[in-house]
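Chain and residue survey
Here are the chains, one letter per residue:
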Amino acid sequence: MILQKFALYPYSEETTQLYLKTTDNVIVSKEEIGLKALEKIDMETYFNLFSCLKWKKYVGIESVHFRLKFNGQVRVKIEHLRRKEEHIEKDCLYDAIIQSDGTEYQNSKEIFLPEEGMLGVMLEAIEDTELYKADFSTDQMNLEENDIHIGIGICTFKREKYVERNMNLLKEGILNNSNAESYGHIKICISDNAGTLEAKRIEDSAIRVVKNKNLGGVGGFTRTMLEFLNGYEKVSHILLMDDDAIILPETIERNYLFLKHLKKKYYNYVIGGALMRLDHPSIQYESGALWNNGDMIAHNHDFDMTSLQRCVVNEAEAEYDYVGWWYSCIPVTFINKSKLPLPLFIHRDDIEYGLRANGEFILLNGICVWHEAFENKCPGTNEYYDIRNLAILNAIHDEKFTAKQFKKVLFKEISSNIGKYRYKYVDLNLLGTLDFLKGAKWFSEQDGIEIHKKLAVYNYEMKSKEDFIGYKGLTEEDLSPYGKEQREHVPFIEKSWKMATMNGHFLPARHGKPKAEIPYPNIYDLYRYKEVLYIDSTDHVLDAKRSFVAMIASYVKFFKVCKYIDQRYDKVCEQYRNMFGTFTSQNFWNHYLELDHNRDL
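Structural notes, computed from the coordinates. Because the structure is a prediction, the values reported are computed rather than measured. (Residues numbered from 1 in each chain as written. Predicted model: local features only at pLDDT ≥ 70, side-chain atom pairs only at ≥ 80, totals over all residues. Heavy atoms only, no water.)

1. Regarding the overall build of the protein chain
Defined as follows: Runs of E in the DSSP output that reach at least two residues are strands. Runs of H or I that reach at least four are helices, and both are numbered from the N terminus. Based on C-alpha atoms, the radius of gyration is set beside the globule rule, defined as 2.2 Å times the residue count to the power 0.38. Throughout, exposure labels follow a simple rule: accessible area from a 1.4 Å probe, protein chains only, divided by the maximum for the residue type, with under 20% read as buried, over 50% as exposed, and the rest as partly exposed. Residue contacts are counted whenever heavy atoms from the two residues lie within 4.5 Å of one another. The protein chains shown are the only cover counted for residues, whose accessible areas, like all others here, come from Shrake-Rupley with a 1.4 Å probe.
When you go through the protein chain residue by residue, the secondary structure sums to 16 helices and 27 strands. Relative to the globule expectation of 25 Å for 601 residues, the C-alpha radius of gyration of the protein chain, 26 Å, shows essentially globular dimensions. Each of the three principal axes of the protein chain carries a C-alpha extent, and together these read 80 × 60 × 45 Å. Here the protein chain holds 601 residues, and the buried ones make up 56% of them. Contacts in the protein chain between residues far apart in sequence, at least 24 positions, make up 76% of those at least 6 positions apart. As displayed, the protein chain has an accessible area near 26300 Å², and 49% of this comes from carbon and sulfur atoms.

Have a look at this one:
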């Protein structure tokens, strides 16, 4: 019984060390790995380590075999890896030389799983050898046998090339591959919020495209939920995934095999995926996170997953409030119990839904996607949603979160934008607050598309980086902030002085070139600059200029809004709590999405 397949064939050259670490002459192709005598393969990697704790706790695995299909002679070494303080301890559990002609799998002896840590495999060729497949399997007969059918829900808006890329990967790896463990158990529904996909280029018996009213990411994801819940082919889980994330078949396979034997007591848990950086493919951006009333904490942020120590540390269990909808595999039983998402349009929708799980998440090495890092984008209209939706989430999920605490959060956010000279974003923050204070009934009657259109006036015009070469003496090198070291810590005295002078707003501006920065810089490094150019990952530029008048006006507007918060906050929070059930019902969503389904959850 296969538990975890080894991922032997890297997705790209940049991701090779997440799969295999080899000596120079090892030849890796799509069909096999060729090793000369004495060549070695280190498979103690992010994709190929085996989590003792999670397979034992959640599935009930007591022992495993390492199975290998190859032609030649190799030495197999299986080690138990565990963290001890700042180091990794290794114990050898199996060390043997085995030979095969490639016709059958060769098994290791039975290996009993320790209570924690991970299993890793090292191979050394004794003679020229061809390696085809490998996995961890078990002979246990007392495991659960769950009937798993995963419906993948993807929301897209004018991302045709990304959607086609991912569908081609899944067709080749699973949907049209009868050797895949999850073959016949995966269906895909794509909510086309823009109505621009050419369905005939994508659809087949397992993939369906539905045109949807553009009500943001949550509108598209909820539409796919409804299609699976009300469809003729029932699914056990709905896997929500971003359209522009790179989806790999081996991740879906690992998810499927884990769910297939998951203990009944954990069946209602959500399987989450880590987010890997697209610009630095070996770096993990986040592996689950805490909401913390809006001061979010991303677990294991910026972990280099080519590091064995990081892989072992990353697999330790943590407290989670949510997992991002770039990869969130949700049991239908959970949806039936918890109902549908809140209609937040974009931002914080996955967090709100995750808070309903009360920490019941499982994250497993190798279940991940690659996505552009969020700090590489200017926030734009998200500055409105981040504040409005933060207030809605805390109103519903934390009755102890007071108006005073909300004002502190708002003050911190607008001060950050003032310090970055992004005064229009302050207006977005305050507008989000005012719209929240209009109450739940007002919110329920709004057209999300119209709100989104109106926000455009508060956004900045983004220009091409090329337009700024030569501007005030700037060179192309000046306009390349990526890769430059960003300070994480600022000395207390320096920070105190810069805060007292409003990051230099009260002092004369320094002379010289404008400062080129990433969208989310260390704010204290902008001290006394007259102009800052924020350059995103697409080489578009937001040109922000310092203004003493705009700074004063922003704080005046903030204090006016604070008076309104004092008057309305408690009453409005109660309204949102009272209407929560209405917002999350299928009847509401059928009306909101203009659908004809009648069944309520």
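2. A word on the packing of aromatic side chains
Put simply, the rule reads: Two rings from Phe, Tyr or Trp (for Trp, the six-membered ring) form a pair when their centres sit within 6.5 Å of each other. Planes less than 30 degrees apart are called stacked, planes more than 60 degrees apart edge-to-face, and all others tilted. Sitting over a ring, as applied to charges here, requires NZ of Lys or CZ of Arg to be within 6 Å of the ring centre and within 35 degrees of the ring normal.
In the structure shown here, the tally under the stated rule is 34 aromatic pairs. Pairwise contacts between aromatic rings join Phe406, Phe436, Phe443, Tyr569, Tyr576, Phe583, Phe588, Trp589 and Tyr592 into one cluster. The ring of Tyr529 is capped by Arg510, whose NZ or CZ atom sits 4.3 Å from the centre of that ring.

3. Section: a nonpolar patch on the surface
Put simply, the rule reads: Patches in this entry comprise residues that are over 30% relatively accessible and not in a salt bridge; like charges within 9 Å are linked, as are nonpolar side chains (Val, Leu, Ile, Met, Phe, Trp, Tyr) within 5 Å. Throughout this description, the term salt bridge denotes a Lys or Arg side-chain nitrogen within 4 Å of a carboxyl oxygen of Asp or Glu.
A cluster of nonpolar side chains, namely Phe506, Phe548, Val549, Ile552 and Val556, defines an oily patch on the protein surface of about 460 Å² accessible area. Position of Phe506 among the secondary structure elements: in the loop between α14 (492–500) and β25 (515–517). The class for Phe506 is partly exposed, based on a relative accessible area of 44%.

4. As for the packing of helix α9 (residues 382–397) against helix α13 (residues 448–455)
To be explicit about the condition: As a rule, the C-alpha atoms of each element are fitted with a line to give its axis, helices using only the stretch in contact, and angles between N-to-C directions run from 0 to 180 degrees. Any angle from 65 to 115 degrees is called roughly perpendicular, while one under 35 is roughly parallel, one over 145 is roughly antiparallel, and all others are oblique.
In contact at an axis separation of 10 Å, α9 and α13 are set at 130° when each is read in the N-to-C sense. Between α9 and α13, the interaxial angle falls into the category oblique. Touching Tyr384, Tyr385 and Arg388 of α9 are Ile451, His452 and Leu455, all from α13.

5. Section: the sheet that holds β25
Strands pair in a sheet through their backbones, by hydrogen bonds, and they do so in one of two ways: parallel or antiparallel. As a reminder of what qualifies: Pairing between strands is defined by DSSP: at least two bridges between the two strands are required.
Strand order in this open sheet of four strands is β24-β27-β26-β25, and the pairing throughout is mixed. A single partner strand is all that each edge strand has here, and the edge strands are β24 (463–464) and β25.

6. Some remarks on the pairing of strand β8 (residues 87–101)
Sheet topology places strand β7 (residues 63–84) next to β8; 14 bridges connect them, and they run antiparallel. Bridge pairing in β8 links Arg82 to Glu89. Taken together, β7 and the strand that follows it, β8, pair antiparallel across an intervening segment of two residues, in which Glu85 is found at a positive phi of about 55°.

Any functional reading would require information that these geometric values do not contain.
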